[in-house]
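This is what each chain is made of:
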Amino acid sequence: MTIATKKQYESLTEEQAIIYAKNLNLFSNDAQLTCSEIGDGNLNYVFHIKDLRSGKGIILKQALPYAKVVGESWPLTLKRALIEANALKKHGEFAAGLVPEVYAIDEELAITVMEDLSRLTISREGLIGLESYPKLATDIGKYLAQTLFHTSDFALHPFEKKKLVSEFSNPELCKITEDLIFTDPFFDHETNDFEPSLRAEVEAIWNNELLKLEVAKLKKSFLTEAEALLHGDLHTGSIFASETETKVIDPEFAFYGPIGFDVGLFLANLIVQTITREGEQRDVILRHIEQTWEVFSADFSELWENKAVESYKDTKGFKAYVLNKIFRDTLGFAGCELIRRTIGLAHVKDLDGIVEDEKRILSKKQALRIGELLLLKRESISSIQAVIVLLEELQK
Ligand code: SR1
Ligand code: MG
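Residues numbered from 1 in each chain as written. Chains lettered and ligands numbered in written order. Predicted model: local features only at pLDDT ≥ 70, side-chain atom pairs only at ≥ 80, totals over all residues. Heavy atoms only, no water.

Enquirer: Help me out: how do you make sense of a negative patch on the surface in this one?
Expert: A surface patch of negative charge is lined by Glu280, Asp283, Glu392 and Glu393. Broken down by secondary-structure element, the contributors of at least two residues to the negative patch are helix 10 (279-307) and helix 14 (384-394). Mapping Glu392 onto the fold places it in helix 14. A relative accessible area of 39% places Glu392 in the partly exposed class. (Patch = residues over 30% accessible without salt bridge, like charges linked within 9 Å, V, L, I, M, F, W, Y side chains within 5 Å. Areas by Shrake-Rupley, 256 points an atom, 1.4 Å probe, with all protein chains shown as cover. Salt bridge = Lys/Arg side-chain N within 4 Å of Asp/Glu carboxyl O. Lys, Arg positive; Asp, Glu negative; His and termini not counted. Charge placed at Lys NZ, Arg CZ, Asp CG, Glu CD. Helix = DSSP H or I, 4+ residues; strand = E, 2+ residues; numbered from the N terminus. Buried < 20%, exposed > 50% of the residue type's maximum accessible area, 1.4 Å probe, protein only.)

Enquirer: Would you mind going over helix 4 (residues 136-150) with me for this structure?
Expert: Between its first and last C-alpha, helix 4 extends 21 Å over 15 residues, near the 21 Å set by a 1.5 Å rise per residue. Counting buried residues along helix 4, 13 of its 15 residues qualify, which places the element largely inside the surrounding structure. (Expected span 1.5 Å × (residues − 1).)

Enquirer: Would you take a moment to explain the packing of helix 10 against helix 11 (residues 318-343) for this structure?
Expert: Each packed pair of helices is defined by two parameters, the angle between the axes and the distance between the axes. With their axes 11 Å apart at the nearest point, helix 10 and helix 11 run at an angle of 150 degrees to one another. Considering their axes alone, helix 10 and helix 11 lie roughly antiparallel with respect to each other. For the element pair helix 10 and helix 11, the recorded crossing hand is right-handed. From helix 10, Trp293, Phe296, Ser297, Phe300, Ser301, Trp304 and Glu305 reach across to helix 11, where they touch Phe318, Lys319, Val322, Leu323, Ile326, Phe327 and Thr330. Each residue belonging to the contact of helix 10 with helix 11 can be placed in one class, and the counts come to nine nonpolar, three polar and two charged. (Axes fitted to C-alpha atoms, helices over the stretch in contact; angles between N-to-C directions. Parallel < 35°, antiparallel > 145°, perpendicular 65-115°, else oblique. Left-handed = near helix turned anticlockwise from the far one by under 90°. Contact = heavy atoms within 4.5 Å. Nonpolar A, V, L, I, M, F, W, Y, C, P; charged D, E, K, R; others polar.)

Enquirer: Can you help me understand the sheet that holds strand 2 (residues 44-51) in this one?
Expert: Within a sheet, neighbouring strands are paired by backbone hydrogen bonds and run either parallel or antiparallel to one another. Spatial strand order, 1-2-3-7-6: five strands in an open sheet with antiparallel pairing. Only two strands of the sheet have a single neighbouring strand rather than two, namely strand 1 (33-37) and strand 6 (102-106). Ignoring which end each strand starts from, the neighbouring axes of this sheet average 20 degrees apart. Of the pairings in the sheet, the one linking strand 6 to strand 7 (residues 111-115) comprises four bridges and is antiparallel in character. Its bridge partner being in strand 7, Ala104 is matched across the sheet by Val113. (Pairing = 2+ DSSP bridges.)

Enquirer: Looking at this structure, how should I read helix 7 (residues 199-206)?
Expert: In an α-helix, one full turn covers 3.6 residues, which means residues spaced three or four apart are oriented alike. Those residues of helix 7 that fall on the buried side of the exposure criterion are Val202, Ile205 and Trp206. An end-on view of helix 7 places all buried positions within 100 degrees of arc, on one side of the element. Buried-residue contacts for helix 7 involve helix 8 (209-224), helix 11 and helix 13 (357-377). (Arc of directions from axis to C-beta.)

Enquirer: Honestly, the site of ligand 1 in this entry has me stumped. Any pointers?
Expert: Surveying the vicinity of ligand 1 reveals the residues Asn42, Leu43, Val69, Trp74, Leu180, Asp233, His235, Phe253, Arg340, Arg341 and Ala346. Between ligand 1 and Arg340, the relevant distance is 2.8 Å, taken from an oxygen atom to a side-chain nitrogen or oxygen of the residue. In the model, an oxygen atom of ligand 1 is placed 3.5 Å from a nitrogen or oxygen of the Arg341 side chain. With the chains in place, 95% of the 320 Å² that ligand 1 exposes on its own is no longer accessible. Judged by the proximity of its atoms to the pocket grid, ligand 1 belongs to the largest pocket. When the residues that make up the shell around ligand 1 are grouped by side-chain class, the tally is six nonpolar, two polar and three charged. (Near = heavy atom within 4 Å. Polar contact = N/O pair within 3.5 Å; in protein donor to acceptor, adjacent residues only side chain to side chain. 1 Å grid on protein atoms, 1.4 Å probe; cavity = no way out; pocket = protein on both sides within 12 Å on 5 of 7 lines; lining within 4 Å. Sits in = over half its atoms within 2 Å of the grid points.)

Enquirer: Can you walk me through the nonpolar core in this structure?
Expert: Nonpolar side chains in soluble globular proteins tend to end up buried together. Within the largest apolar cluster, 85 residues are counted, with the highest numbers of intra-cluster contacts made by Phe182, Ile289, Phe296, Phe300 and Leu374. Discounting chain neighbours no more than four positions away, the residues touching Phe300 are Ala145, Phe149, Phe154, Ile259, Val322, Leu323 and Ile326. Judged by nonpolar contacts, the second largest core, of 16 residues, contains Ala31, Cys35, Leu60 and Ile111. (Core = buried A, V, L, I, M, F, W, Y, C linked by side-chain atoms within 4.5 Å.)

Enquirer: Any chance you could explain the pairing of strand 3 (residues 57-63) here in plain terms?
Expert: A regular strand carries its side chains on alternate faces of the sheet. In terms of burial, strand 3 is a largely internal element, seven of the seven residues being buried. The alternating pattern of strand 3 places Gly57, Ile59, Lys61 and Ala63 and Ile58, Leu60 and Gln62 on opposite faces, both of which are buried. Inspection of the sheet shows strand 2 paired to strand 3 by seven bridges, in the antiparallel sense. Looking at strand 3, one finds that Val46 is bridged to Lys61. Hairpin connection between strand 2 and strand 3: a loop of five residues separates the two successive antiparallel strands, and Gly55 in this loop has a positive phi of roughly 85 degrees. Pairing of strand 3 with strand 7, which is carried by five bridges, proceeds in the antiparallel orientation.

Enquirer: Explanation requested: the packing of helix 9 (residues 259-276) against helix 13 in the structure shown.
Expert: Relative orientation of the contacting elements helix 9 and helix 13 amounts to 140 degrees, with a least axis distance of 10 Å. One finds that helix 9 runs oblique with respect to helix 13. Read as a crossing pair, helix 9 and helix 13 show a hand that is right-handed. On the side of helix 9, the interface is formed by Ile271, Ile275 and Thr276, while helix 13 contributes Lys359, Ser363, Gln366, Ala367, Ile370 and Leu374. Residues that form the contact of helix 9 with helix 13 fall into these classes: five nonpolar, three polar and one charged.

Enquirer: Explain the side chain of His48 to me, please; I cannot follow it from the model alone.
Expert: Within the secondary structure, His48 sits in strand 2. A polar contact is formed between the side chain of His48 and the side chain of Asp116, at a distance of 3.0 Å. Among the polar contacts made by the side chain of His48, one reaches the side chain of Ser118 at a distance of 3.4 Å. With near-sequence residues (within four places) excluded, His48 lies in contact with Thr34, Cys35, Ser36, Ile38, Ile58, Ile59, Asp116 and Ser118.

Fair warning: the whole summary comes from geometry, so function is off the table for now.
Here it is, written out as structure tokens:
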């Protein structure tokens, strides 16, 4: 066993993860450590290490040099582990308590050692099981406002901001998003994965030039607009939650991009939940959608009033222009996410897990329809309440 001393990348086994953890000085000498690999994402190993004597735990996350979801034929940079750890720390400066604490970073082995969150549930799993998360929307609205405002030009000196843009340059992970969210689902591409019963709807998307024009505009925005340090993959699988706590994890896709991308991804994943639910259970999620935007926009606005360093901050109409642009982007990015989660490479369990064929296909058609409408109507939808009305009408 050389892993703790030899600094050359190799992926850990559970046994090696225990030895690695023992060398971190986070446990007492008589600790009885156990380990299980609990990663269910597409890209990494996640080892949960626990001391049976004290009950204390840590998470040891290791990036793999390829995308687990596809296999070794899809190589991926290990640098993303450092980006993720640094993003957790940077976001933690502004959204303390809403991200896990980072205990150690090992660049060579692409490992981040962090707070054990095993008392919480991944919110996608919880939402599918109709768990109640009364703090989810307000916490995420706050997280979005704090992290995105404080890393933007509205809060930072331009030198500091551009240093961060360079530190968080993340081309390989961005390329995954550029392909899987903005390009492949809108063309007949080999990475797409959809059920044969959806072919007519999918071909209608491929042939819809107006829709593709909106996606092209959003892709350009993603490629070129370094507005703030994004999480970059803020779906409900990137959030641990309970009735009383919310923690945002997994910012390995972090980079400087358009603010509406993070907001839109989260809302899209809530919209998926509205599609799979009925009655009062659906209303709970509709309220989450409304609250997320309300908290985000109110907090962002307050931070602007109290902390903005931009010379034009008091120019009449400027703050409203910025928030309006974020709202339009949010709707568009949410539309892209809904479509790619239905017909692209990376699906969501909320939809794929519906056992009854007819219901699953109808739900997926609904996701495509809502995605299309958000993309096509994003300039004319007047408010988050109008989004709720649209969702209610489509789901009657
Ligand atoms: C190959 S990675 C596929 C997807 O998983 C990640 O969580 C991102 O959402 C990415 O698009
Ligand atoms: Mg992830």
